[in-house]
Amino acid sequence: MDHAVYHVLEQSREYEVDLVVTAGQWPDGLTGFAFVVGPAQPTVLDFAPSGPGMLTRVDLAKRVWRTRRVVTPDLAMLGGLRAALAPEELQRLLTGARPSLSHTAPHFFGDRLLLTADRQRPVELDPVTMTYRTFLGAVQEYPQVGAHPLFPGVQTTSHPVVDPDEGCLWWSNIHLRPRGRSTTDAEGPLSVVRWDGHGELETWEVPGARITQGTHEIAVTRDYVIFTEIGFQPEPGSVAGRGRTKPHLPFTDIYLVAKRALTRARVGSAVPVTHARVPYESFHEFADYGQDGDDVTMYVAHSNGWDMNYAITRSDIVWRTGDRLRSCLSGFMPTPVDAAPVGRHVIDGRTGQVRQSRYFLDPQRHWGTLLYARDTRPAALERGRHLWQAYWGATPDTMVSAIVEMYADHPFRVVDVDDLPTTEIPSSLVCIDLESMTEQSAWTFPAGTICESPVFVPDKAGGDGWVVVFVKHADRTELQVFDALALDLGPCAVATAPGLRMPVLFHSGYTETIRSPGTDYRRSFATDLGTGWRDLSPAARAIVTEIVEAFG
């Protein structure tokens, strides 16, 4: 059987199409704009997450789909250098570089659209024109920066978080370096970053937190800013997901920084931190903004058994059969090798004691906690009621033997290696009741398809709202709409367009309206670069000069 997974690395394209409803009836009250982003394919490094951003905006009321390639100063310069330089010179120049790919997540801060990735500064785009405006924070505003004449390494996080009380954004800045000469271990310091949307960044050092894998999503409560280490083993000796030898750490380290320490008087200085640890690694998490005393309630989509920093190679073999994986999967990530729970953890913010943990999991169905959607209206932020979790599923013929062996001795393994699935576990969407950690409703997608990037859309008329998901088939991409609290009824509407086929998609976001920002906030790209590039070859200098003149 053909499967959507065999087509996730196909050529990326720009689209401007009207969606046609092919099943059901489009809800009259479904309005606003859904955004989703992913890395353009194919990639130079033959690793799916290494492509520059392809941003899609869907006008839900008019059913207009628009996809545009993201163009930032970094990406424009990277393209120019690839066209102008000999491969040997380009390779030398890109050693140690961290271009801002802007391919992981769209975020809204008021009416301002941000694109993010873990290894770059956030980028602001105009949500109407989908064009670049500025990086957030000048390079010198970040305490942890990897030096490079063209692409300085400012490692942040893909998911900054809006603080509803303080009207600011929180994110992090880290700089992972090899431990000595180790090719397997990395470590780096953590800094808290705060931005009010207009002025300079404010940062505080957190010496009590040593990050070894990275940060991906930030959580915030009324009293704490929370940093969670991602299950993503960087392994300095590996290149573009190849040559990995170590599994992710089998737990999640959580660092809670009290807002009472994050004062303007202490900007630039060190602040204390509380550490907690829960079983299973993770990609994504959030917290109830409201608190009961110092107790923090966090919801973690655990990712045990899913190694997304491993690139399938042409020498990899399928677990059990020993067959070679299909060549069309070279550079993609392998399927999960264990079922994964969603956890609800209550943590004492002062001591780090984990007071309670409850898990949602059906090992027969819940493989690959891909992405989630949540209600971001004020009451739901205060205390979440539901979570819409998308599951990738598991396809046995993309289960890589090396990854099975790497995670065979995971101390919190759910499914024994001998019991790994031999038939497909389909992709699914589940609405989880966060108080009881039970299934409120669920939908399983047809075999051979993949559900990605759910978006919660509130109903302005007072209903339960909708969940919009992007569904990949082998021959097309669909937009499917569900009643948010009645997933088991199936999609109330399905829409697509002739020829619409999207490769890899990552995170999504929703905004009720769009308009071009009225702010004059800008950071100078020329100032960020400094003058080191003037020592490069004439061909490289010509490209940089052109980009600096274009972007300022």
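Given the structure is predicted, the values throughout are model-derived calculations rather than measurements. (Residues numbered from 1 in each chain as written. Predicted model: local features only at pLDDT ≥ 70, side-chain atom pairs only at ≥ 80, totals over all residues. Heavy atoms only, no water.)

Asker: Give a detailed account of the overall build of the protein chain, specifying residues and quantitative values.
Answerer: The secondary structure content of the protein chain amounts to 6 helices and 31 strands. For 552 residues, the compact-globule estimate of 2.2 N^0.38 gives 24 Å, and the C-alpha radius of gyration of the protein chain, at 22 Å, lies within 12% of that figure. Here the C-alpha coordinates of the protein chain stretch approximately 60 × 55 × 50 Å along the principal axes. Partitioning the intrachain contacts of the protein chain with sequence separation of at least 6 by distance along the chain shows that 68% fall at a separation of at least 24. For the protein chain, the accessible area works out to roughly 20,700 Å², and carbon and sulfur atoms hold 50% of it. For the protein chain, the separation between the mean place of its 51 positive charges and that of its 67 negative charges on side chains is 4 Å. (Helix = DSSP H or I, 4+ residues; strand = E, 2+ residues; numbered from the N terminus. Rg over C-alpha atoms; globule rule 2.2 N^0.38 Å. Contact = heavy atoms within 4.5 Å. Areas by Shrake-Rupley, 256 points an atom, 1.4 Å probe, with all protein chains shown as cover. Lys, Arg positive; Asp, Glu negative; His and termini not counted. Charge placed at Lys NZ, Arg CZ, Asp CG, Glu CD.)

Asker: For the packing of aromatic side chains, give the residues involved together with the corresponding values.
Answerer: All told, the structure shown has 18 aromatic pairs when counted by the stated rule. With a centroid separation of 6.0 Å and 45 degrees between ring planes, the pair formed by Trp306 and Trp392 is classed as tilted. In this pair, Trp306 sits in the loop between β20 (295-302) and β21 (342-348) while Trp392 sits in the loop between β24 (386-391) and α4 (401-406), placing the two residues 86 residues apart along the sequence. For Trp306, a relative accessible area of 3% corresponds to the buried category. Note on Trp392: relative accessible area 10%, which makes it buried. (Phe/Tyr/Trp six-rings, centres within 6.5 Å; stacked < 30°, edge-to-face > 60°. Buried < 20%, exposed > 50% of the residue type's maximum accessible area, 1.4 Å probe, protein only.)

Asker: How would you explain unusual backbone geometry if you had to name every residue and give the values?
Answerer: Cis rather than trans, the peptide bond between Gln41 and Pro42 has omega equal to -5 degrees. Along the polypeptide, Pro42 turns up in the loop between β3 (33-39) and β4 (53-59). With phi around 55 degrees, Asp46 is a residue other than glycine that occupies positive phi space. Mapped onto the elements, Asp46 comes out in the loop between β3 and β4. For Asp46, a relative accessible area of 31% gives the class partly exposed. Of note, Met130 is a non-glycine position whose phi angle comes to about 60 degrees, a positive value. Looking at the secondary structure, you find Met130 in the loop between β8 (123-126) and β9 (131-135). Looking at Met130, the relative accessible area reads 6%, which means it is buried.

Asker: Explain the sheet that holds strand β26 (residues 438-444) to me, and be specific about the residues and the numbers.
Answerer: Two orientations exist for strands paired in a sheet by backbone hydrogen bonds: parallel and antiparallel. One open sheet accounts for 4 strands, arranged β23-β24-β25-β26; its pairing is antiparallel. Pairing within the sheet leaves two strands with one partner each, and these edge strands are β23 (369-374) and β26. The mean inter-strand angle of the sheet, taken between neighbouring strand axes irrespective of direction, is 20 degrees. Sheet topology note: the strand β25 (residues 428-433)/β26 ladder contains 6 bridges and is antiparallel. Bridging across to β26, Ile432 finds its partner in Glu439. (Pairing = 2+ DSSP bridges. Axes fitted to C-alpha atoms, helices over the stretch in contact; angles between N-to-C directions.)

Asker: Run through the pairing of β21, naming residues and quoting values.
Answerer: Of all 7 residues in β21, 7 are buried, a share of seventy percent or more. Here β21 shows two buried faces, one formed by Val342, Arg344, Val346 and Asp348 and the other by Gly343, His345 and Ile347. Pairing of β20 with β21, which is carried by 7 bridges, proceeds in the antiparallel orientation. Residue pairing across strands places Asp295 opposite Asp348, the latter belonging to β21. Connecting β21 to the antiparallel partner strand β22 (residues 354-360) that follows it, the hairpin turn spans 5 residues, and Gly352 within it adopts a positive phi of roughly 85 degrees.

Asker: Account for the nonpolar core, with residues named and values stated.
Answerer: By size, the foremost hydrophobic cluster in this structure holds 37 residues, and its most contacted members are Val5, Leu329, Phe332, Trp367, Trp392 and Val504. Of all the secondary-structure elements, those providing two or more residues to this core are β23 and α4. Per element, the largest residue contribution to this core is 3 residues, and it comes from α4. Sequence-distant contacts of Val504, defined by excluding residues within four places in its chain, comprise Val8, Leu9, Gly38, Pro39, Gln41, Ala48, Phe332 and Lys472. Membership of the second largest hydrophobic core comes to 33 residues, among which are Phe108, Leu125, Ala540 and Val544. (Core = buried A, V, L, I, M, F, W, Y, C linked by side-chain atoms within 4.5 Å.)

Asker: Describe in detail the layout of surface pockets, supporting the description with residues and values.
Answerer: Size it by volume and the second largest pocket reaches roughly 1,300 Å³. Along its surface, the second largest pocket is lined by 44 residues, and His107, Phe108, Arg374, Thr376 and Tyr510 are the ones closest to its centre. At the level of secondary structure, the elements contributing two or more residues to the lining of the second largest pocket comprise β6 (105-109), β10 (161-163), β15 (215-220), β19 (282-287), β23, α3 (378-382), β27 (450-457) and β31 (508-511). Per-element accounting of the lining of the second largest pocket gives the leading share, 5 residues, to β6. Split into classes, the residues belonging to the lining of the second largest pocket amount to 25 nonpolar, 11 polar and 8 charged. (1 Å grid on protein atoms, 1.4 Å probe; cavity = no way out; pocket = protein on both sides within 12 Å on 5 of 7 lines; lining within 4 Å. Points joined across faces, edges and corners; volume = space filled by probe spheres on them. Nonpolar A, V, L, I, M, F, W, Y, C, P; charged D, E, K, R; others polar.)

Asker: An account of the environment of Arg260 is needed here, citing residue identities and associated values.
Answerer: Assignment of secondary structure puts Arg260 in the loop between β17 (251-258) and β18 (274-279). Each C-alpha atom, one on Arg260 and one on Val20, is 52 Å from the other, the two residues being 240 residues apart in sequence. When near neighbours in sequence (up to four residues on either side) are disregarded, Arg260 contacts Tyr224 and Arg350.

Asker: Tell me about the sheet that holds strand β5 (residues 64-69), residues and numbers included.
Answerer: Here we have 5 strands laid out as an open sheet, ordered β1-β5-β4-β3-β31, and antiparallel in their pairing. Pairing within the sheet leaves two strands with one partner each, and these edge strands are β1 (15-18) and β31. Taken over all neighbouring pairs, the strand axes of this sheet differ in orientation by 15 degrees on average, direction set aside. In terms of strand pairing, β3 meets β31 through 4 bridges, oriented antiparallel. Opposite Phe35, over in β31, you have Gly509 as the bridge partner.

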